[in-house]
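Here is how the chains run, residue by residue.
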Amino acid sequence: MVVVAMESPNYSVVEIDVPPARSADKGRGKNAKQFTWVLLLKAHRAVGCLAYLAAALCALPKTIKKRLTLQHQIPSKSDKLSKGSLLFKFIRGFLVLSLVTLAFELVAHWNGWNFQKPNLHLPESREIRGWTHSAYLSWLLFRANYIAYPIQVMSNICVVLFLIQSADRLILCLGCFWIKLKNIKPRIEGDPFKADDGSEYEYPTVLVQIPMCNEREVYEQSISAVCQLDWPKDRLLIQVLDDSDDDSIQTLIKAEVSKWKQRGIDIIYRHRLVRTGYKAGNLKSAMSCDYVKNCEFVAIFDADFQPNPDFLKQTIPHFQGNPDLGLVQARWSFVNKDENLLTRLQYINLCYHFEVEQQVNGVFLNFFGFNGTAGVWRIKALEDSGGWLERTTVEDMDIAVRAHLNGWKFIFLNDVKVLCEVPESYEAYRKQQHRWHSGPIHLFRLCLPSIITSKISVWKKANLILLFFLLRKLILPFYSFVLFCVILPLTMFVPEAELPAWVICYVPILISYEWVVTKKAGRSSESNLLDAAEKETENEMTNNKVQEQEKAAPPTVRKVNKIYKKELALALLLLTAALRSLLTAQGIHFYFLLFQGAVFLLVGLDLVGEQLS
């Protein structure tokens, strides 16, 4: 603002800074403009989502055709086995019966032969119109008198199991909340690397084992990460336990071990000619070496795990002053968690496993299932518990149970994380899940006599038998499948048997059946990768030898996305049950069956994991 004063022929100019006044109309206009932009942005996102869904739906028939073509061109042994499997036959028979029943119900609905449950008022004989009507009435009587009751009994049993599972998870979540609230976690008192009398700290000798089998994609990064552990070289011994049956992979691993050996690392390559006992046999054979007797602790890392350099300094000190401590387990961290939908779902599931189950059991019970990797054992605890046994495919759970029965305690470090991978393809995922779920059944039968006769307290025995084995490892995986994939569809076709709507609000799970080594993709974190040019120079001669061996080797089978017939049949069954639920106006059942059927459809077409060209 400028003011001009005219007091004489001369004049003066005075400037006064005054902030401009904002009118209410201008403020309202600006807010309206911002609101318009927000609406346009949301509309743009909505249109983008609709376009994405439309493109996905348009591409779906083409993808299905491509899957079918490749399925015929490259037959898989596992597919041939799945065709004759008992589960596939059961689902297929159930699907056929469901389609026939649905067609019958649609005819009845079209003709107006609808009778509401639970009071079934059938018409008199003079009102019956034709043999079709009579057959439908006979089906209603048979369904109400003979089929509904056993289905209702199974439904009630599943509801009880559902309540037990919910109570178990609620208690675990409350325990996790209490741990966070009180900031409870294992701590190291003082400086663990300074002796009390001021003298130099004497580091214990640590053995690091890397069991692997045909791990072409990940062997280099795991060996590299372990060889860079921050621990005195004269107190660190590394074993690379290679069970590979491919000569070219053996050559690569030997070259990698030789490279680090030349750098002053005490690393040993071991290869078994007879691969008995799988991973347990491999670890058992390695622990029988004479030089292992000089080691006090052993750290185990699977081939796709990459520990940070300070891993041993974060775990070994917890053993000091704790003579009863047998295991220190670290948490897994995933380098490929955002790769696709399947990896994201696995990440959520495994986060619950570590954050809630492992941490709560470690804090309040000093016991949990060893994860088989990313952990440090006191070698004396392994020896007192009988060492590695080849009697089961879940050798990690086996040794953990036997150590617990011998009085050894475990701690879980939620803050110490080790990089690893989750399976990116559904094929690898289903193999991993079967290995994790099938072994405990056999192990429970083997361990039950030892648990009963052990000297641990009664409540610890009850925790092992009822919670650890029966509830979490045996009953829940199978009951979930039966409840949501068998009982729920049955109640749609037999409405006299009811399943409460509040039970439906549950996340579905997938169960599959097979056992093979889980395939790794070989992803690494940048901090653990060596310079690419240096690797190329050091391994040039080795790669030439490998190429010569690969030329003489038989051609490898081309990897393609597969069609999983069990999952597809189950998807059609659930979608058929969803259609049937519309006839009885069961809204929540319809939406649950629809979405779960869609999930199984995506899985059956192998659209949730890695997409191979």
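The residue numbering used here restarts from 1 in each chain and proceeds along that chain's sequence as written. Under the rules for a predicted model, residues below a pLDDT of 70 receive no local features and side-chain atom pairs below 80 are neither given nor counted, while totals for whole chains, interfaces and linings still include all residues. Side-chain numbers here rest on the full set of heavy atoms in the structure, without hydrogens or water.

Looking at an unreviewed UniProt entry, the protein chain carries the name Glycosyltransferase 2-like domain-containing protein, with the source organism given as Ananas comosus var. bracteatus. UniProt positions are given in the numbering used here, feature names are shortened, and annotations may be inferred rather than shown by experiment. For the record of the protein chain, the UniProt heading Subcellular location (unreviewed entry) holds the text "Golgi apparatus membrane". Looking at the protein chain in UniProt, the text filed under Sequence similarities (unreviewed entry) is "Belongs to the glycosyltransferase 2 family. Plant cellulose synthase-like C subfamily."

Caption draft 1: Up close: the overall build of the protein chain. Within the protein chain one finds 18 helices and nine strands. A 1.4 Å probe rolled over the protein chains alone gives each residue an accessible area, and that area as a share of the maximum for its type sets the label: buried under 20%, exposed over 50%, partly exposed in between. The buried share of the protein chain, reckoned over its 613 residues, is 45%. Restricting the contact set of the protein chain to residue pairs at least 6 apart, pairs at least 24 apart contribute 80%. If you sum the accessible surface of the protein chain, you get close to 33,200 Å²; carbon and sulfur atoms cover 61% of it. Secondary structure elements are taken from DSSP: a helix is a run of H or I of four residues or more, a strand is a run of E of two residues or more, and numbering for both begins at the N terminus. Working rule for contacts: check all heavy atoms of both residues, and any pair within 4.5 Å makes them a contact. Areas reported here follow the Shrake-Rupley algorithm with a probe of radius 1.4 Å; residue values treat only the protein chains shown as occluding.

Caption draft 2: Region of the structure containing the environment of Ile563. Summarising the element assignment, Ile563 is placed in the loop between α16 (540-552) and α17 (565-583). For the pair Ile563 and Asp606, spaced 43 residues apart in the sequence, the C-alpha separation amounts to 6.3 Å.

Caption draft 3: Spotlight on the pairing of strand β7 (residues 325-334). Taking burial as the measure, the ten residues of β7 include nine buried ones, the bulk of the element. Should DSSP find at least two bridges between two strands, the strands are regarded as paired. Where β7 meets strand β8 (residues 375-378), three bridges bridge the pair, whose relative direction is antiparallel. Along β8, the bridge assignment pairs Gln329 with Gly375.

Caption draft 4: The arrangement of the sheet that holds strand β5 (residues 267-271) in detail. Strands sit in the order β5-β4-β3-β6-β8-β7-β9 across an open sheet of seven strands; the sheet is mixed. Each edge of the open sheet is held by one strand with a lone partner, namely β5 and β9 (409-420). Sheet twist, expressed as the mean angle between neighbouring strand axes with direction ignored, is 20 degrees. Direction of pairing for strand β3 (residues 206-212) relative to strand β6 (residues 297-300): parallel, over a ladder of four bridges. What sits directly across from Val206, in β6, is Phe297. The strands touched by helix α7 (residues 278-287) are β3, β4 (236-242), β5 and β6; relative to β3, the strand with the most contacts, the crossing angle is about 145 degrees. Axes here refer to lines fitted to C-alpha atoms; in helices the fit is confined to the stretch in contact. Angles between the N-to-C directions go from 0 to 180 degrees.

Caption draft 5: The arrangement of the UniProt feature "transmembrane region" (unreviewed entry) in the protein chain in detail. When the UniProt feature table is mapped to this numbering, "transmembrane region" (unreviewed entry) covers residues 43-60, 90-110, 146-164, 464-493, 499-517 and 568-584. End C-alpha atoms of residues 90-110 are separated by 30 Å, and the span's content is 100% helix alongside 0% strand. As annotated, residues 146-164 comprises 100% helix and 0% strand, and the C-alpha atoms at either end are separated by 29 Å.

Caption draft 6: The packing of aromatic side chains, seen in detail. Note on ring pairs: Phe, Tyr and Trp rings are taken, using the six-membered ring of Trp, and paired if centres are within 6.5 Å. Classes follow the plane angle, with under 30 degrees stacked, over 60 edge-to-face and the rest tilted. A full pass over the atoms with the stated rule returns 23 aromatic pairs. Each ring, one from Phe368 and one from Phe412, has its centre 6.1 Å from the other, and the planes form 80 degrees; the classification is edge-to-face. Taken together, the residues span a long stretch of sequence, with Phe368 in the loop between α9 (341-364) and β8 and Phe412 in strand β9 at a distance of 44 residues. Here Phe368 and Phe412 have matching classes, each one buried. Judged by centre distance (5.7 Å) and plane angle (75 degrees), the ring pair of Trp377 and Phe410 falls under edge-to-face. With Trp377 in strand β8 and Phe410 in strand β9, the pair connects residues that are 33 residues apart, well separated along the chain.

Caption draft 7: Here's a closer look at the state of the cysteines. By convention in this document, the label disulfide applies to cysteine sulfur atom pairs within 2.5 Å. Counted under the stated rule, the structure contains zero disulfides. Cys173 supplies the cysteine sulfur nearest to Cys176, a cysteine that is in no disulfide, at a spacing of 7.0 Å. Here Cys176 falls in the buried class, since its relative accessible area comes to 9%.

Caption draft 8: Spotlight on the pattern of salt bridges. Should a side-chain nitrogen of Lys or Arg be within 4 Å of a carboxyl oxygen of Asp or Glu, the pair is scored as a salt bridge. What the rule picks out here adds up to 18 salt bridges. The salt bridge involving Arg472 is made with Asp168; its shortest N-O contact spans 2.8 Å. Within this pair, whereas Arg472 is found in helix α13 (residues 458-493), its partner Asp168 is found in helix α4 (residues 130-182), the two being separated by 304 residues in sequence. Like Arg472, the residue Asp168 is buried in the burial classification. Glu355 is the salt-bridge partner of Arg331, the closest N and O atoms lying 2.4 Å from each other. You can see Arg331 sitting in strand β7 and its partner Glu355 sitting in helix α9, a full 24 residues away along the chain. Here Arg331 falls in the buried class, since its relative accessible area comes to 9%. In the salt-bridge network here, residues are joined through shared partners; they are Glu105, Arg143, Glu496 and Arg580.

Caption draft 9: The confidence of the model for the protein chain, seen in detail. pLDDT is defined as a per-residue confidence score from the predictor, taking values between 0 and 100. Averaged over the protein chain, the pLDDT score is 81; the fraction of residues at 70 or greater is 78%. When mean pLDDT is taken per element in the protein chain, β8 scores highest with 98 and helix α15 (residues 532-538) scores lowest with 44. pLDDT under 50 marks residues 6-11. Its contacts with residues more than four places away, or in other chains, come to three contacts. Note that residues 77-84 has pLDDT below 50 and, in this model, 13 contacts with residues that lie over four places away or in other chains.

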